[in-house]
Structures are given as C-alpha cells and as structure tokens.
Amino acid sequence: MPGLYKIFDEILVNAADNYQRDSSMNCIKIDIDRKTNMFKIWNNGKGIPAKVHKKHKCYVSELIFGHLLTGSNFDDNS
C-alpha cells in the first residue's frame, strides 16, 4: 500500500501546489469510492494547458503524464 499512498499524496500535493500558482483557486474536493476502489481529486484552479511545450516539442500533458518529469518545486542542481 505504500505505492498507492504515494500516488494519492502526490496528486493531492499537486492540487495544493496549484493554489500557489493560481490565487483564484479556492476549492479542493476529494472523493473516495470504496466500492470501486477509486478516488478523485479536483480543484477549481487553472488546468493543464493544451499546448505544445517550446523546448520539448510535445504537449504539456504528455510531459506531465507520459515522461513523468518533476515539477517546478525541485532544484535541478541539488
């Protein structure tokens, strides 16, 4: 279960980090369905842009979900 916990934690932290970037965000919802073993985390902040990343030449969502690059919270030099 540590892996599942880490996935849940990472998604929740990303939703909370979105608040730092988008001051209009004022809501995070978490829905857990024990019957289907699924959870949803939602916030009303800005979404993922549907555009091609200039440096990597692919959609931003592909970078996030396909290449699993780290977010801007990390220092590449440490």
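Residues numbered from 1 in each chain as written. Predicted model: local features only at pLDDT ≥ 70, side-chain atom pairs only at ≥ 80, totals over all residues. Heavy atoms only, no water.

Explanation requested: the side chain of asparagine 18 in the structure shown.
Here asparagine 18 is to be found in helix H1 (residues 2-21). Polar side-chain contacts of asparagine 18 include one of 3.1 Å to the side chain of asparagine 43. Discounting residues that sit within four places of it in the chain, asparagine 18 has contacts with Met25, Asn43, Gly45 and Lys46. (Helix = DSSP H or I, 4+ residues; strand = E, 2+ residues; numbered from the N terminus. Polar contact = N/O pair within 3.5 Å; in protein donor to acceptor, adjacent residues only side chain to side chain. Contact = heavy atoms within 4.5 Å.)

Which parts of the structure should I look at to understand a nonpolar patch on the surface?
Residues Ile28, Ile30 and Ile32 make up a contiguous nonpolar surface patch of roughly 260 Å² in combined accessible area. Turning to its location among the elements, isoleucine 30 is positioned in strand E1 (residues 28-33). A relative accessible area of 39% places isoleucine 30 in the partly exposed class. (Patch = residues over 30% accessible without salt bridge, like charges linked within 9 Å, V, L, I, M, F, W, Y side chains within 5 Å. Areas by Shrake-Rupley, 256 points an atom, 1.4 Å probe, with all protein chains shown as cover. Salt bridge = Lys/Arg side-chain N within 4 Å of Asp/Glu carboxyl O. Buried < 20%, exposed > 50% of the residue type's maximum accessible area, 1.4 Å probe, protein only.)

Purely spatial values, then, with no claim about function.
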